[in-house]
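For reference, the chains in residue letters:
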Amino acid sequence: MAQWRNWSGSVVATPAQLARPRTEAELRAIVAKAERVRLAGTGHSFMPLCETDGVLISLADMEGEVEVAADRASVWAPAGWPIGRLTEELWRAGLSLANQGDIDKQAIAGALATATHGTGRSLGSLSTFARAFRLVLADGQVVECDAGIDKELFEAARVSLGMIGVMSRVKLAVLPGYRLRETMLRAPLDKVLEDWDALAEKHRHVEFFVFPYSEHVALKILEIVEAGDDPVEKDPGRGVFQAVCDLAALSPRMAPTLQRLLTRAIGSSQRAAPAGRIFPSEREIRFEEMEYEMPAAVGAQTLRAAIAEVRRLRLPIIFPFEFRTVAADDIWLSPMNAGPCVSISFHQYAKMPWREAFAAVEAGFRAGGGRPHWAKRHTLTSADVLRLYPMAGRWGEVRRRADPKGKFMNAHLRELFAFSL
Ligand SMILES: Cc1cc2nc3c(=O)[nH]c(=O)nc-3n(C[C@H](O)[C@H](O)[C@H](O)COP(=O)(O)OP(=O)(O)OC[C@H]3O[C@@H](n4cnc5c(N)ncnc54)[C@H](O)[C@@H]3O)c2cc1C
């Protein structure tokens, strides 16, 4: 038995076998033979999505390369590559992704499987960039599907937490390569929320981080800029933040004071580089996270209520909330389905307790009609999924057809998607 852990350390699994196929033929043979299979990207999910006592497959060693389409509007890429490897390869070919999240360490398939997103009112999650999949199904058979060929399978696979099949290669929409300038500013929370509509309209990407015991935010704006050779700066504040987190873990009652001090230290900074190097930030300090995608109309009030709840209960939180926008999509299991949404993330330092704090804040997220990020902490039940996702029933039919014996399910997924068994 091997041991596997997720990034934050909150999920530990002991699969019977950890398999790292190098070719699609090996992958097919492993899937066909196994009784129970889960797929792991780089383990950045907080929910037990990769947990299994069967075979856990990683595609990190799979051979393959990026193929650019003749019209340069899409590429086929190995699904197990980290996003950062893809974006470097794209940049060499004069291409970029339309948007990315906070880090680029995730496997492409891991990000697509969970509707991973960045910020931008007109920009959907990475799953909306998928144009076709090459999938290994439960019986080991390989299929290619897109919006024309086996459309139902394609629709179901777009956000599917690895329950439809193993993505071995994916076709993704891309843009001509572009550069971004990141600007970080300190700004009052009230003013930012008041101006949010205008800010989100004006800037291709805007988001902010707010510590719940502070009245100010760190506002982050990304804009497309022409070529230049500005250096990419490393975040100088990381060492300080690590020390503050450790201090809060030792003395949780100091969290509010420490947060106010941290907020006072937020300065202004700028950096510019190829888009794929500006989207990701360093996230070395481990945390646990919950995130809900809220109807855009209730985003600001939901954040205010969450902050009020943290303060009322004097919860010892040392990480900030993150507030972003994501465009609507039509993906059956996407939290942004029929959006648009604002995304509110709530984090806790991994060495500090998080369950009680997450429960207190989740109640408000759910009352406001939010749907959780599948990879991040939530307490949805199968009945909730059916209620919140009008297309869940149809998704379940496709899942049953693709994997009638539930080979790709684990305990968590059997419970959450019980309606599809
Ligand atoms: C530090 C940090 C920053 C983050 N930032 C963001 C962010 O900005 N925006 C955001 O939306 N999310 C963010 N996340 C969440 C993260 O993007 C998701 O958890 C994502 O799924 C992680 O990708 P992974 O490769 O680690 O996948 P894993 O966590 O390993 O797996 C995720 C899912 O993908 C499935 N899967 C993996 N490989 C395959 C495959 N080949 N075929 C089919 N299914 C597969 C797995 O079975 C599982 O269900 C962040 C997480 C962390 C820890």
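Now for a look at the structure at hand. (Residues numbered from 1 in each chain as written. Predicted model: local features only at pLDDT ≥ 70, side-chain atom pairs only at ≥ 80, totals over all residues. Heavy atoms only, no water.)

A closer look at the nonpolar core
Grouped together as the largest cluster of nonpolar side chains are 95 residues, with contacts concentrated most on Phe133, Leu135, Phe208, Leu303, Phe321, Trp374 and Phe417. Counting residues per element, this core draws most heavily on helix α11 (residues 355–367), which supplies five residues. Excluding residues that lie within four positions of it along the chain, phenylalanine 208 makes contacts with Leu189, Val192, Leu193, Trp196, Val217, Ala218, Leu219, Leu303, Phe321, Glu322 and Phe323. Judged by nonpolar contacts, the second largest core, of 16 residues, contains Phe46, Ala248, Ala255 and Tyr349. (Core = buried A, V, L, I, M, F, W, Y, C linked by side-chain atoms within 4.5 Å. Buried < 20%, exposed > 50% of the residue type's maximum accessible area, 1.4 Å probe, protein only. Helix = DSSP H or I, 4+ residues; strand = E, 2+ residues; numbered from the N terminus. Contact = heavy atoms within 4.5 Å.)

Overview of the sheet that holds strand β17 (residues 287–295)
The strand order across the open sheet built from eight strands is β16-β13-β15-β14-β18-β19-β17-β20, with neighbouring strands paired in antiparallel fashion. The sheet terminates laterally at β16 (269–274) and β20 (371–372), the two strands that pair on one side only. Pairing geometry for β17 and β20, over two bridges, is antiparallel. Residue pairing in the sheet places tyrosine 292 in a bridge with proline 372 of β20. (Pairing = 2+ DSSP bridges.)

Details of α11
Taking 1.5 Å per residue as the helical rise, α11 with its 13 residues ought to reach 18 Å, and the 18 Å between its terminal C-alpha atoms agrees with that figure. Along α11, the helix axis deviates most sharply at valine 361, where the bend reaches about 25°. Contacts from the buried residues of α11 go to β17, α10 (299–312), β18 (321–326) and β19 (341–349). (Expected span 1.5 Å × (residues − 1). Bend = angle between axes of the 7 residues up to and from the residue.)

Some details on the site of the ligand
The immediate surroundings of the ligand are formed by 36 residues, with Leu39, Gly41, His44, Ser45 and Asp102 found nearest. Backbone polar atom of glycine 41 to an oxygen atom of the ligand: 2.7 Å apart, as the coordinates give it. Threonine 116 is positioned such that a nitrogen or oxygen atom in its side chain is 2.8 Å from an oxygen atom of the ligand. Burial of the ligand by the protein amounts to 99% of the accessible area it has alone, namely 960 Å². Among the elements of the structure, β4 (37–40), α3 (108–113) and β11 (166–173) are those that each provide at least two residues to the shell around the ligand. With four residues, the single largest contributor to the shell around the ligand is α3. (Near = heavy atom within 4 Å. Polar contact = N/O pair within 3.5 Å; in protein donor to acceptor, adjacent residues only side chain to side chain. Areas by Shrake-Rupley, 256 points an atom, 1.4 Å probe, with all protein chains shown as cover.)

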